[in-house]
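Below are the chains, spelled out letter by letter.
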Amino acid sequence: MDPRDTAPDSWEQEEDAEARAAAGLQSALAALNVNAKPFVPNVNAAVFVPTFFQSSPTEIPISDGHGRLVRDVVESPVENGGGTEADMMVEVETWEQKEEPGEGEPGGGGALGGEGEEEELPMLKVIPLPPDAPKKEHVNVVFIGHVDAGKSTIGGQIMYLTGMVEKRTLEKYEREAKEKNRETWYLSWALDTNQEERDKGKTVEVGRAYFETEKKHFTILDAPGHKSFVPNMIGGASQADLAVLVISARKGEFETGFEKGGQTREHAMLAKTAGVKHLIVLVNKMDDPTVNWSLERYEECKEKLVPFLKKVGFNPKKDIYFMPCSGLTGANLKEPIEECTWYTGLPFIPHLDSLPSFSRITDGPVRLPIVDKYKDMGTVILGKLESGFIAKAQQLVMMPNRHTVEVLSLLSDEVETDEAVPGENLKLRLKGIEEEEILPGFILCNAENLCHSGRTFDAQIVIIEHKSIICPGYNAVLHIHTCIEEVQITALICLVDKKTGEKSKTRPRFVKQDQVCIARLRCAGTICLETFKDFPQMGRFTLRDEGKTIAIGKVLKLVPEKD
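Everything numeric here is computed off the predicted structure, so don't read it as measured data. (Residues numbered from 1 in each chain as written. Predicted model: local features only at pLDDT ≥ 70, side-chain atom pairs only at ≥ 80, totals over all residues. Heavy atoms only, no water.)

This part takes up the pattern of salt bridges. A side chain with one charge can pair with a side chain of the opposite charge if their charged atoms come near. Taken as a whole, this structure holds 17 salt bridges when the rule is applied. Among the ionic pairs, D288 bridges to R250, the shortest N-O distance being 2.7 Å. Placement of the pair is D288 in the loop between β5 (278–284) and α9 (295–312) and R250 in the loop between β4 (242–248) and α7 (253–258), with a sequence separation of 38 residues. Residue classification places D288 among the buried residues on the basis of a relative accessible area of 10%. The residue K304 makes a salt bridge to E255 at a minimum N-O spacing of 3.8 Å. (Salt bridge = Lys/Arg side-chain N within 4 Å of Asp/Glu carboxyl O. Helix = DSSP H or I, 4+ residues; strand = E, 2+ residues; numbered from the N terminus. Buried < 20%, exposed > 50% of the residue type's maximum accessible area, 1.4 Å probe, protein only.)

Cis geometry is found at the peptide bond from M399 to P400, where omega equals 10°. Structurally, P400 can be placed in the loop between β10 (395–399) and β11 (403–412). Notably, N332 is not glycine yet its phi reads approximately 65°, a positive angle. The residue N332 is located in the loop between β6 (320–324) and α10 (348–354) in this model.

Okay, the packing of aromatic side chains next. The description of an aromatic ring pair uses the distance of the two centres, along with the angle that the planes make with each other. The final tally for this structure, using the stated rule, is six aromatic pairs. Between F211 and F218, the ring centres sit 5.1 Å apart and the planes meet at 15°, which makes this aromatic pair stacked. For the residue pair F211 and F218, the accessibility class agrees, reading buried in each case. Three or more aromatic residues link up through ring pairs in this structure, and these residues are F254, F258 and F308. Seen from the ring of F322, K302 lies directly overhead, with NZ or CZ sitting 5.7 Å from the centre. (Phe/Tyr/Trp six-rings, centres within 6.5 Å; stacked < 30°, edge-to-face > 60°. Lys NZ or Arg CZ within 6 Å of the ring centre and 35° of its normal.)

The sheet built from six strands closes into a barrel, its strands ordered β16-β19-β18-β17-β20-β21 with antiparallel pairing. Strand-to-strand, the axes of this sheet are offset by a mean angle of 45°, without reference to chain direction. Direction of pairing for strand β20 (residues 540–545) relative to strand β21 (residues 548–559): antiparallel, over a ladder of six bridges. Looking at β21, one finds that D545 is bridged to K548. Packed on one face of the sheet, helix α8 (residues 263–273) meets β20 and β21 and runs near 140° to β20. (Pairing = 2+ DSSP bridges. Axes fitted to C-alpha atoms, helices over the stretch in contact; angles between N-to-C directions. Contact = heavy atoms within 4.5 Å.)

Our next topic: the pairing of strand β18 (residues 483–496). Across six bridges, strand β17 (residues 475–480) lies against β18 in antiparallel orientation. When the sheet's bridge partners are listed, I480 is paired in β18 with C483. Hairpin connection from β17 to β18: two residues lie between these consecutive antiparallel strands, with H481 at a positive phi of about 40°.

Note: predicted coordinates in regions of low pLDDT should not be interpreted at a detailed level. Model confidence for the chain is summarised by a mean pLDDT of 75, while 68% of its residues fall at 70 or above. The model gives residues 13–36 a pLDDT under 50, and that stretch makes 90 contacts with residues more than four places away or in other chains. Here residues 48–132 scores under 50 on pLDDT; set against residues more than four positions off or in separate chains, the count is 250 contacts. (pLDDT = per-residue confidence, 0-100.)

Another point: the side chain of N425. If you trace the backbone, N425 turns up in strand β14 (residues 425–431). A relative accessible area of 3% means that N425 is categorised as buried. Among the polar contacts listed, one links the side chain of N425 to the side chain of T219, at a separation of 2.8 Å. (Polar contact = N/O pair within 3.5 Å; in protein donor to acceptor, adjacent residues only side chain to side chain.)

F143, V281, L305, L309 and F348 are the most contacted members of the largest nonpolar core, which totals 78 residues. Counting only domains with at least three residues in this core, you end up with domain 1 (137–354) and domain 3 (453–558). With near-sequence residues (within four places) excluded, F143 lies in contact with K151, I154, I158, I220, L221, D222, A223, V244, V246 and F348. With 25 residues, the next largest nonpolar core counts I461, I489, C517 and A519 among its residues. (Core = buried A, V, L, I, M, F, W, Y, C linked by side-chain atoms within 4.5 Å. Domains from an automatic or database assignment.)

Now the structure itself:
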């Protein structure tokens, strides 16, 4: 027997309040096409020319005075998970604060905190800031939710309201959509750029765009809602700082998305596993004739969602914010709306702008997980800088193949720059490595502090949904940061009690649904990873099999390879 596959009889886990098991995760996840292609950014996406000189177009009848009043009064009570917006602002200075295990997350095994990774953007023309202008904070926002909830439409509407897409362009899309009897889809075409997505009205790849507010620079990641493209959705969620869960208030549509087989539950859980700490729930289609801005319907959706989101590991008072809106008309996205007198909080875009800053590890080691690569006058890689600081002409190391490379040029959201800080979406031109020698999931590090790599590791796993038992020898697909690799469970070390966090003295012969265990896993090839304790962004993972998410987990210990 391979000595690497034998695990110790007991495993002393390090003290870590967050490292215990998540309780009661029981969501029915739908069947998925396992052959769905892994996420690849659409490099050839159509180019949109932003206009920064038009006044914000909105058709919402509202007086300036009322708009200013709502924007100024942040302390106004909000229909939102039992607290006021002022309470939220006081409690949460930064989303990276140490989390306390809450009722719905004993020990927090389901609430694996931290941030994720990022891909490439459609080439929008961006006006470079003057050199002395302060750099705006970069925030990556992923739009998740069931098919047809309105994710792409809301994304397109935001781009229009912030002046990133011209009115002429949208009018052209509207004409083309009308010719195809798809007139309500025209806004989504700003993000669904390939013909297949437009013809079927379904997002396949993670659409990308960006917009700016007074204080922040946002990247929109428009994740596909269809169950066949969940691997692509994981790719988008793993790069996000903030998730927007879009649900439809229309009668029947919310129920379809939320019940077993719908993607609302799976997307919320995967976003939490990917490290998204803060969730904004947009209750869309409130202008639908079956809803008509009804407070009762809004509350009904909220009452069903909150218990589930609490189970997944979100804290209803701190982490979740509910908001009514209409993606098609743009109501309550940029300006408040008169029809909805019961909602007293800020509209969506001002609310995003008012959020506290995310803490970034600027003085840590360089970690840039690679999402994609291509040839363009040399080797170009795409990714989001997780920690550290990158500058032009800097010498870095590509792991796990240990190539020394030099940064020739550096683009942050298509704008050339000399240096980059964590949270920025980067495009790097490298010298010293060929494009064929790089794979998605490789990590760019500094030579003084290399990323760990290996094939064998011990991890704590929560089995979410699996019909039969799982024994040593079980194979699945591992999604960890931007890496996708086949993995085998080689040994089960112990069971973990979900309530107390105590470990069993005897080694289990199998595990089944809703159980938590510590197991030894072995990958088919060498991958880059870190322990969850040292680097949460690169220590949390998802296991998928037969098109379903069967387990979530975190890396506890890296097992060195024996010669």
